[in-house]
Amino acid sequence: MRHVPEAELHAYLDQALSRSQCIEIETHLAACFRCQQERDAIAGLRDRTTALLAAAAPRHVSPPPYAILAARAQTRRQRSWQRSAVWAASIAGAVIAGWGLRTALDPHGEPLPVPVAVNAAAALPTESPMVPAATTDSSPAELIFSAPTHSGARWSNPTVRLASGGSLPRRQVSLPAAAGTEDVSLSLDDQWAPVSLGEAEDATGGLVPVVPDLPVLDIRMRWGDGQSRPLLIVTQQHSSGAFIHIIEGPVTEVAAFVSDQLQPGTEVKSSEPGRSPPDYREAAGSVHRTSRVLAVVARLPVDSLNLLAQEVVLK
Amino acid sequence: MTELEHLYQTMFSSVVRFLYRKVWDQDRAEDLAQEVFIRAMAHNPEKPRAWIFAVAANLARDEARSAIRRRKHLTLLTNDPVTLARPDAMADETMEHDEAMAQVHEALAALSPRDREVLLLWDAGMSYQEIAEQTSLAVGAVGTTLARARRRLVEAHDQNESGRHAARS
């Protein structure tokens, strides 16, 4: 007589066998005292195991509402999408930059049309920045226009051409540097000159970084080599009352400035740097590109600063 | 109610229990279980039950590796051996219960990783078929593995208990 193997008896007691297998085993068990004893022993072992594992169970578990987890999953999806979008824009920017530079450097090549409008915010063009021709910046918050060529009247065009084909006059806002806002958290030397918003726009071609809907308290500017746009610090007041400083300029200068401000012992923190439109300048018959970034510096948590940095527009 | 929401309502405790016996920290087990379901929402897997336990096992494995790294780091810092994580203290429970949990912890640690995995998956309510898919065992081998795991768990527990009695007397 073939007895029921131990593993099969475990599977039988765990209800893991088919109906026909169960019938076969039950038929055998009815006639085999040895297998009955084996079954009972395994049933005892099984109960003992269950009891032991129950002793090693966590205390009362109360799952959070499903809606909370769903909201967290949604937030994570959005962040993932934003990261993907930035990567995609960066790659596209690099490709277009190479293409534009090659066009500029190839005297025998056919002139190619100027790239037009990749624009996530074209529906809100009145505050739009002017970006020079062949600009390949990939900041998702930025508008890209078929703007005048990078030579000549690069920053002097008084109108902004929209992706839709229309144009608007550049907004001239005169905002005097606020008195009494020497603030606060930054240490600035004499090279930083207070300027009005109009002056800052003129010096940067309209690329003044601000967080919309927050009051601008102060704008400081520092000229670099004279051929690039100046380094800018725009001070605004957050709804919490905190002063925030948006620093925009060439990568190396922003990095050096921010690291100077983040000295141990201060509560000043910085967002992660975000890309802003690069500088292009001609020298010896070629075009040089200088990458620029912006960062938000304040006495706020880094997460808050990163969110604020995402809201910055260049106007 | 979606299938995933239904699974969340019915399986969350099982997933926490499964994770708890791997990380031995209830808060951490609940955090990891939430992470499992958040990932499930993002991936919308075809076989959510099996997927959930597979991800839970992976997260627990990552957690164990991190714990080992932390322990090594602490050991380097203090130059003292750092003991293994123990079940968290249960102030509201009796000493006996606390001790019983520690004994099961030790007994489970005496099993091979595969035997332990199969036993914990079975205790979490998975079928033989699901256990086989997750552990790459043949369905027929699940019963054999489970039989061995049960036997060894009880033997290890009894040995530890008799050792403690001998030490006391």
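These numbers were taken from a predicted model, which means no experiment stands behind them.

## A word on the overall build of chain B
Part 1: Within chain B, the secondary structure is distributed over seven helices and zero strands.
Part 2: For chain B, the proportion of its 169 residues judged to be buried stands at 30%.
Part 3: A separation threshold of at least 6 residues defines the contact pool for chain B, and within that pool the share at least 24 residues apart is 60%.

## A short note on the overall build of chain A
Part 1: Along its length, chain A carries seven helices and eleven strands.
Part 2: When each of the 315 residues of chain A is scored for burial, the buried share is 29%.
Part 3: Sequence-distant contacts, at least 24 apart, represent 59% of the contacts inside chain A between residues at least 6 apart.

## Things to note about the confidence of the model for chain B
Part 1: The predicted model of chain B averages 83 in pLDDT, with 84% of residues at 70 or higher.
Part 2: Predicted complex, confidence summary: ipTM 0.79, pTM 0.48.

## Details of the environment of Arg150 of chain B
Part 1: Its location among the elements puts Arg150 of chain B in helix 7 (residues 139-168).
Part 2: Arg150 of chain B sits 39 residues away from Leu111 of chain B along the chain, and the two C-alpha atoms are 9.4 Å apart.
Part 3: With near-sequence residues (within four places) excluded, Arg150 of chain B lies in contact with Leu45, Arg46 and Thr49 of chain A together with Leu119 of chain B.

## A short note on unusual backbone geometry
What is expected of a backbone is that most residues other than glycine have negative phi and most peptide bonds are trans.
Part 1: In this model, Asp213 of chain A sits at a positive phi of 75 degrees, which is unusual for a non-glycine residue.
Part 2: Take Asp213 of chain A: it is sitting in the loop between strand 4 (209-210) and strand 5 (216-222).

## What about the interface of chain A and chain B?
Part 1: Counting from both sides, the interface comprises 27 residues of chain A and, opposite them, 34 residues of chain B.
Part 2: Contributions of two or more residues to the side of chain A that touches chain B are made by helix 1 (6-13), helix 3 (33-55) and helix 4 (66-105) of chain A.
Part 3: Class assignment for the residues of the side of chain A that touches chain B results in 17 nonpolar, two polar and eight charged.

## Quick word on the environment of Ala11 of chain A
Part 1: Along the chain, the position of Ala11 of chain A falls in helix 1.
Part 2: Sequence separation between Ala11 of chain A and Cys22 of chain A is eleven residues, and the spatial gap between their C-alpha atoms is 9.6 Å.
Part 3: Not counting the four nearest positions on each side in its chain, Ala11 of chain A is found in contact with Ala16 and Leu17 of chain A together with Tyr128 and Gly143 of chain B.

## Considering the pairing of strand 7 (residues 243-250) of chain A
Part 1: The element strand 7 of chain A is largely enclosed, with a buried count of seven among its eight residues.
Part 2: Where strand 6 (residues 231-237) of chain A folds back on strand 7 of chain A, the antiparallel hairpin that results is connected by five residues, among which Gly241 of chain A adopts a positive phi of roughly 100 degrees.

## Regarding the nonpolar core
Proteins that are soluble and globular tend to have nonpolar side chains buried together.
Part 1: Ranked by size, the top nonpolar core spans 49 residues in total, and within it Val15, Leu19, Ala33 and Ala56 of chain B carry the most contacts.
Part 2: Counting residues per element, this core draws most heavily on helix 1 (residues 3-23) of chain B, at eight residues.
Part 3: If we ignore the near neighbours within four places in the chain, the residues touching Leu19 of chain B are Ala29, Leu32, Ala33, Ala56 and Ala60 of chain B.
Part 4: Residues Met221, Ile246, Val297 and Leu300 of chain A belong to the second largest nonpolar core, which totals 33 residues.

## Examining the packing of helix 1 of chain A against helix 7 of chain B
Part 1: One can describe the packing of helix 1 of chain A onto helix 7 of chain B by two numbers: an axis separation of 8 Å at closest approach and a directional angle of 95 degrees. Between helix 1 of chain A and helix 7 of chain B, the angle is such that the two are roughly perpendicular. Between helix 1 of chain A, through Glu6, Ala7, Glu8, His10 and Ala11 of chain A, and helix 7 of chain B, the contact on the second element is made entirely by Gly143, Thr144, Leu146 and Ala147 of chain B.
Part 2: For the contact of helix 1 of chain A with helix 7 of chain B, the class distribution of residues is four nonpolar, three polar and two charged.

## Let's talk about the confidence of the model for chain A
Residue and element names in this part refer to chain A.
Part 1: With 68% of its residues at a pLDDT of 70 or more, chain A shows a mean pLDDT of 73.
Part 2: Least confident of the elements in chain A is strand 1 (residues 159-161), whose mean pLDDT is 46; most confident is helix 3, at 94.
Part 3: Throughout residues 110-164 the model reports pLDDT below 50, and contacts reaching past four residues in sequence, or to other chains, amount to 111 contacts.
Part 4: Per-residue pLDDT stays below 50 along residues 168-183; that stretch engages in 34 contacts with residues further than four places along the chain or on separate chains.

Conventions we followed
- Residues numbered from 1 in each chain as written.
- Chains lettered and ligands numbered in written order.
- Predicted model: local features only at pLDDT ≥ 70, side-chain atom pairs only at ≥ 80, totals over all residues.
- Helix = DSSP H or I, 4+ residues; strand = E, 2+ residues; numbered from the N terminus.
- Buried ≥ 20, exposed ≤ 12 C-beta atoms within 10 Å, placed from the backbone.
- Contact = placed C-beta atoms within 7 Å.
- pLDDT = per-residue confidence, 0-100.
- Nonpolar A, V, L, I, M, F, W, Y, C, P; charged D, E, K, R; others polar.
- Pairing = 2+ DSSP bridges.
- Core = buried A, V, L, I, M, F, W, Y, C linked by C-beta atoms within 7 Å.
- Axes fitted to C-alpha atoms, helices over the stretch in contact; angles between N-to-C directions.
- Parallel < 35°, antiparallel > 145°, perpendicular 65-115°, else oblique.

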